[in-house]
Amino acid sequence: MTAPTHDVVAIGNAIVDILAQAEDSFIEEIGVAKGSMQLMFSPEEADALYAKMGPGREVSGGSAANTVAGMAALGSRCAFIGQVADDQLGQVFGHDLRASGVAFDTAVREGQPTTARCLIFVTPDGQRTMNTFLGASQFLPEAALDRDLIAGGAILYLEGYLWDPEEPRQAMRAAIDIARDAGRKVAFTLSDVFCISRHGDDFRALIAEGLVDILFANENELLALAEVEDFEAAVEKIAAQVPTLVVTRSEKGAIALQDGARVAVAAEPIEKVVDTTGAGDLFAAGFLHGQAQGWDVARSLKLGAVCAAEIISHYGARPEANLKELAAEKVG
């Protein structure tokens, strides 16, 4: 096997987040479950909700893109594959990702629909409620894959959010085959209970076939995937099927099971939770960076917790503090 050219190659939604503060009453008014993600299926629907937003700020996002941006900030070599349109938001997304040190060379898509956007309402408790118009990102074709790039990544990282549209689902299946043929690892994040409700059978099949080496989930996602109500029963069921299982549990910290050994880490203390957008993405960034550096599970988990704490201390899902310095100070 040749030496990898990148630590992680990620495939995911190329999205620009638009964040605004909102009260709980507004979340009830628009009929979305607080803390969840819902899809918007037309630009008109997105425009109508955007018109109701208060003052907002644009921050490049997308789950897997956030993860590799965090990894790059830690010093990992990362690349991203995702679809944007030939428009202003597409230019913003590409610029921000490249400026973070991530290789991003997917050709832009001409015409409609526009680049994906996610309207995020942040309530006073820091919870984020996401409303996503997938736009161009849902038309990522298999032809857009750089086979050499994927084969050269030590880990292929996929997000469950992108499994919903047919075209990128087929692209990700093809990418798994490329990575497997090259002897690389595949990491997968379940993304949201919503994704499991729609594609749980697909995810379970991938796991049962041994195609996932590292699985990321939060507590609710794990329960949904395992189809049980008891957390420990869910852990036991899924951990038996994947070499590495990582489960984040908000203020309860996180656990990881690798080859049967279980490790737990406490949540990093912070003064105030400002915005939970991207917490799981940056936890994955810290953990994957540690694994790419050959760290043990405990140290990788600790770095995940440190990165997640940084991201929830401010608005937006891209790091603002120097993650290398934080890692050196808190992890060593």
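Just so it is clear, the model here is predicted, and its values are computed rather than measured. (Residues numbered from 1 in each chain as written. Predicted model: local features only at pLDDT ≥ 70, side-chain atom pairs only at ≥ 80, totals over all residues. Heavy atoms only, no water.)

Asker: So what exactly am I meant to see when it comes to the UniProt feature "domain: Carbohydrate kinase PfkB" (unreviewed entry) in the protein chain here?
Answerer: Under the feature "domain: Carbohydrate kinase PfkB" (unreviewed entry), the UniProt entry names residues 57–319. From the first C-alpha to the last, residues 57–319 spans 15 Å; its make-up is 41% helix and 21% strand. (UniProt positions renumbered as here; feature names shortened; annotations may be inferred. Helix = DSSP H or I, 4+ residues; strand = E, 2+ residues; numbered from the N terminus.)

Asker: Could you clarify how one ought to interpret helix α6 (residues 166–181) in this entry?
Answerer: Owing to its 3.6 residues per turn, the α-helix aligns residues three or four sequence positions apart on the same side. With 16 residues, α6 extends 23 Å between its outermost C-alpha atoms, agreeing within 8% with the 22 Å of an ideal straight helix rising 1.5 Å per residue. Regarding α6, the residues found buried are Pro168, Arg169, Ala171, Met172, Ala174, Ala175, Ile176, Ile178 and Ala179. Looking at the buried side of α6, the elements it contacts are β1 (6–11), α5 (147–151), β9 (153–159), β10 (185–189) and α7 (193–208). The positive-phi residue at the C-terminal boundary of α6 is Gly183, with phi of around 75°. (Expected span 1.5 Å × (residues − 1). Buried < 20%, exposed > 50% of the residue type's maximum accessible area, 1.4 Å probe, protein only. Contact = heavy atoms within 4.5 Å.)

Asker: How should I be thinking about the packing of helix α3 (residues 63–74) against helix α10 (residues 279–292) in this particular structure?
Answerer: Helix-helix packing: each pair is described by the crossing angle between the helix axes and the interaxial distance. Where α3 meets α10, the closest approach of the two axes is 8 Å, and the angle between their N-to-C directions is 45°. Relative to α10, α3 is oriented oblique. Once α3 is placed against α10, the crossing between them reads as right-handed. On α10, the residues touching Ser63, Asn66, Thr67, Gly70, Met71 and Leu74 of α3 are Asp281, Leu282, Ala284, Ala285, Gly286, Leu288 and His289. (Axes fitted to C-alpha atoms, helices over the stretch in contact; angles between N-to-C directions. Parallel < 35°, antiparallel > 145°, perpendicular 65-115°, else oblique. Left-handed = near helix turned anticlockwise from the far one by under 90°.)

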